[in-house]
Amino acid sequence: MNDMTNKWIGARTIRPDGADKVTGRAQYSADTTMPGMIWGKLLRSPHAHARIRSIDTSKAEALPGVKAVVTQKDIVEFALDKSVMLGIQDMRWMCRNVMAREKALFHGHPIAAVAAISEEVAAHACSLIEVDYEVLPHVIEIEDAIKPDAPILHEWNQFEGKPSNIAGTMVLKAGDIEKGFAEADIVVERTFTTRPVHQGYIEPHACTVSYAADGRVTIWSSSQGQFMVRAMTSLLTGIPQSNIRAIPAEIGGGFGAKTIIYLEPVAVMLSKKSGRPVKMVMTREEVQRATGPAPGSLSTVKIGAKKDGTIVAAQGTFYLQAGGLPGSPLRGPVGCSFAAYAIPNVLSVGYDVVSNRSKVAAYRAPGAPHGAFAAECVIDEIAQALGLDPLDMRLKNSAKAGDKAIYGPTFGAVTFKETIEAIKHHPHYRAPLDKAPRPGVKRGRGVASGFWYNAGGESSVQVNITEDGNVVVTTGHPDVGGSRASIANVVAELIGVDHARVNVMIGDTQTIGFSNLTGGSRVTFASAMVATAATEKVIGQLKERAAKIWGIEAEAVKWEDGMALPAGDNAGKFPPLSLKELAAKANEMGGPIGNQTQLNTTGADPGYATHCVDVEVDVDLGIVRVLRYTAAQDVGRALHPGYVEGQIQGGVVQGIGWALSEEYLYDAKGRVDNASFLDYRMPVCSDVPMIEPIMIEIPNPKHPQGVRGVGEAPIVPPLAAIANAVHDALGKRFYALPMSPPRVSARMDEAN
Amino acid sequence: MTDIRYVAPSTLEEAVGAFAAASGAARILAGGTDLLVQMRNGVVKPGTIIDIKKIAEMTAIEELPDGRIRIGAAVPGVVLAEHPRFGKAWPGVLEAINLIGSKQVQGRASPGGNLCNGSPAGDSVPAMIAAGAVVTVQGPGGRREMPVEAVPAGPGRTNLAPGEIVVAFTLPARPKGSGDAYLRMIPRTEMDIAVVGCGVSLTMAGGVVTAARVGLGAVAPTVLLVEDAAKALIGSRLDDAALEAAAAACRAACKPINDKRGTIAYRIKVAGVLLKRTAAIAAARAGGN
Ligand SMILES: Cc1cc2nc3c(=O)[nH]c(=O)nc-3n(C[C@H](O)[C@H](O)[C@H](O)COP(=O)(O)OP(=O)(O)OC[C@H]3O[C@@H](n4cnc5c(N)ncnc54)[C@H](O)[C@@H]3O)c2cc1C
């Protein structure tokens, strides 16, 4: 049931959410209102690092129009000495992130919240809250946070027997690293830095919450998982999950960062205390100061190779910025940086470093771009030193089926080589490049590759046949990257009806079974798997109904093009029964037709990507522009190619911003100085060329349609690909991102 | 929430009267692309808003008999772009105004707002200064004229007296062989604030520069008229030595700050680079005229 002759799988069908989004009807987080609703606002820390001695809310409470005030006392406390996990999130940190407890850990850390009759009154009330702070020295950058005399954020945290800002480590090993380097003909070791970057979703965090008199809570908010919203709110408020209905709104982007919550538990407590529905909406400034970002990094990568390019040893040391509370994504750089290569001797070590900035959140392939930037630049340098084509060097070292992955499992089919070959044989890689087209202008070309694990996990779906013979599918995953359109394609294909007859909806927490986060490139994989299982059961029911009507065995019925038919001449001669006819007879023949399937899905295969980019540098101004970009990726099976291309292009655009322009700037007091889209420079449309995606479709044998996650791998190679291209243009390697105009210009002046 | 009074007078006298009467609590509204943003951010909280777009003179474009062109202070960028002759006479001024924001912003944003907002990075200001534009100002004390470079007083501040409104910009008649240009350095390709902006206006005869003016933005608390750069260009054939001397004058004129938009060293370097590039475009245009 999956080949290139499919009618709907692989078709660029109209997206089900499209009309609502372009006409402004789509309901996002901030669009829900209720009678009697009031507004919640957060008081945020004015200091980057301070002990909270006391909080006096009496003046705020006395202000006319104020209906409730919430502080950390109202949020469930998780003791520091005992970890309570929800997925990869530790509730000790989450409870302290939504509301500061002992200390304010960054400028913008929530200290208290007010609900009042208007946003203005709530904001005014916040200014009346008196907080007694003991201001402490702060530390922002990794380099400073790991110094022996650095201000310590968490006195209880020890590393190597001393209080430290290193809050965790991760080590992966293979072979004997020293022996490996000893065997190498060439060893290159470089240190790289990247800056924290925000996910930059257009929709700020927002929610509307109603705590009813009977203790039942309804939450309207957008997230990458309504079940995460329910579970985390339950843990942080003490309200049982059965009493919390989390309704997913349309989401205006998440890119990983909406896999945790900031506002919902606070709004629930404000609603509980006030007896009124409460709405909270962050400003862009709040989003930039206090949510996300991806960590900054300080990485040292050392790679040893033979003269023929065979890599014999690789060592990576990755420090990631966690923000004010522990939990940076160490498994990204530690596990992914060398994963696509067969390297006998590897030592990969990560350090989780806290400092006085907002707590990091997941961002597309968390941590993997940081590691790939370092590893893929070093590989480029070695290829150059050995006189090898950088793609050939990668081909030579690709992991293969049966190799043991550094992060544990043994690889099945490895489709890395196919992505390298796709670039190698693409006209882009072969096109001549005029490296000095005009005075003061230089051009260069670079390549790099990337790896991401991908994931399966829990997913629930209902497939119901309506009384009039159409199909409604309900899944438990917010649709961030086109999962509704993809599932509609799969179900329409399997049932054999027109795509327009399949309506895919997203259920809320109390109407559909548990479904894990939309993240880790897992949702299309997992939900297509459960939707396939459920649809096959529904088709089984339809065949049984037809068999009953005809008075033959169910095995003697086949399902084709949306109709039940006798399976062969022996089954007898009956006119086909359509889906509509069977639906009309459903009740006489045994009741409603439908199925709910819930699975913990497995079999996700990794994603591989190889990218090629041409850049142009305005040498005097230091401006780097991307001229041409081609991105090859094994996508397994593109259920909806338009969305798959969008994922690849989106990942590349974000990578371009990361490489060239995006960074947080801090002032001397530890405050973000560019908390707006004007000065936090994400690329705009005219900054990026058409990005050409090459979708390589090698079906994942462990998935009914061959699906492989696609959302994360494409953000892994761009940082290194662009740095390698800039090197090709200028003859200089950049080890620090972003390669912004002042940096490039200063670097050009160094030589002169 | 405090109430805001909105008035939209149809004559300049009424506008000046209302502005003076509010004694500091009022704000002039042209396109609002600065003012409304600042109000939303809580930076300014005016008690009265005086919309000047209903005043005919403020939105008129007039070609005077002696060759000068007068543009109302509240004319939006798109209207100037559609004018059949303005862009031919002053391509540099027009490109500077049209660089402001996006299509949507262009429908509203005016040169008067750009100047009176007082940002050292306002894009149209260096081009207007290079053009030798003069503003007509009307206030409780009557009308007066001042060169554009005399208007800015510092970031967010102008030398307008209380109650004064900028009515129009008058650009001088254009001798044959003249051309102007404006370039800015922004890290992105659009929707950004100038790190450095440079306007150059030249008149040339037989390949020799006979008149020049240079305006430089975002490198000091106010947009600058760089007379030394103009001097270096006048009398030259825009040879490398003259251009380098003018670039050096631009660099010397810079008094920039280190901020989130650029470093001191970078801004100074870019000022010189842009001078050379802008002068080259202005010269090519002068040759064509
Ligand atoms: C998305 C966006 C992008 C932008 N991009 C740019 C850019 O690229 N380059 C750039 O330079 N600017 C940019 N701006 C800023 C702004 O658009 C410009 O400064 C614009 O020229 C302001 O004109 P306005 O008519 O909208 O002014 P307003 O907002 O109406 O007024 C600005 C200020 O000047 C005062 N004022 C206006 N007219 C007069 C008058 N005739 N007499 C006295 N005082 C007056 C007002 O009271 C106010 O204080 C951008 C703004 C936005 C929102």
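Definitions and limits used
Residues numbered from 1 in each chain as written. Chains lettered and ligands numbered in written order. Predicted model: local features only at pLDDT ≥ 70, side-chain atom pairs only at ≥ 80, totals over all residues. Heavy atoms only, no water. pLDDT = per-residue confidence, 0-100. Near = heavy atom within 4 Å. Polar contact = N/O pair within 3.5 Å; in protein donor to acceptor, adjacent residues only side chain to side chain. Helix = DSSP H or I, 4+ residues; strand = E, 2+ residues; numbered from the N terminus. Domains from an automatic or database assignment. Expected span 1.5 Å × (residues − 1). Buried < 20%, exposed > 50% of the residue type's maximum accessible area, 1.4 Å probe, protein only. Contact = heavy atoms within 4.5 Å. Buried area = accessible area lost by both parts, 1.4 Å probe. 1 Å grid on protein atoms, 1.4 Å probe; cavity = no way out; pocket = protein on both sides within 12 Å on 5 of 7 lines; lining within 4 Å. Points joined across faces, edges and corners; volume = space filled by probe spheres on them. Nonpolar A, V, L, I, M, F, W, Y, C, P; charged D, E, K, R; others polar.

(A) Molecular detail of the confidence of the model for chain B. Chain-level pLDDT for chain B is 96 on average; 99% of the residues reach the 70-or-more range. Reported confidence for the predicted complex is 0.94 by ipTM and 0.97 by pTM.

(B) Local environment of the site of the ligand. Residue and element names in this part refer to chain B. The immediate surroundings of the ligand are formed by 33 residues, with I28, T33, D34, S110 and D123 found nearest. Residue R184 places a side-chain N or O atom 2.9 Å away from an oxygen atom belonging to the ligand. Counting residues per element, the ones that place at least two in the shell around the ligand are β2 (26-29), α2 (35-40), α7 (111-116) and β10 (165-171). Per element, the largest residue contribution to the shell around the ligand is 4 residues, and it comes from α7. Lining the shell around the ligand are residues from two domains, each supplying at least three of them: domain 1 (5-119 + 134-171) and domain 2 (178-288).

(C) Spatial organisation of helix α16 (residues 523-550) of chain A. All names here are of chain A. An ideal rise of 1.5 Å per residue puts 40 Å on 28 residues; α16 measures up with 40 Å between its terminal C-alpha atoms. For α16, the buried fraction is high: 20 of the 28 residues fall into the buried class. One or two residues past the end of α16 sits G551, with phi positive at roughly 70°.

(D) Just the domain arrangement of chain A, in detail. Residue and element names in this part refer to chain A. According to the domain assignment, chain A consists of domain 1 (32-136 + 200-290), domain 2 (297-454 + 605-749) and domain 3 (455-601). A C-alpha centroid distance of 40 Å is found between domain 2 and domain 3. The interface is formed by 17 residues belonging to domain 2 together with 14 residues belonging to domain 3. For the pairing of domain 2 and domain 3, the buried interface totals around 1200 Å² over both sides, and the portion due to carbon and sulfur atoms is 60%.

(E) Inspection of empty space enclosed by the protein at higher detail. Taken as a whole, this structure holds 8 cavities of 30 Å³ or more when the rule is applied. In this structure, the largest cavity spans a volume of roughly 170 Å³. Lining the largest cavity are 14 residues, with V624, R625, L660 and S661 of chain A together with P187 of chain B sitting closest to its centre. For the lining of the largest cavity, the secondary-structure elements that each account for two or more residues are β29 (623-634) and α18 (641-660) of chain A. For the lining of the largest cavity, the class distribution of residues is 9 nonpolar, 2 polar and 3 charged.

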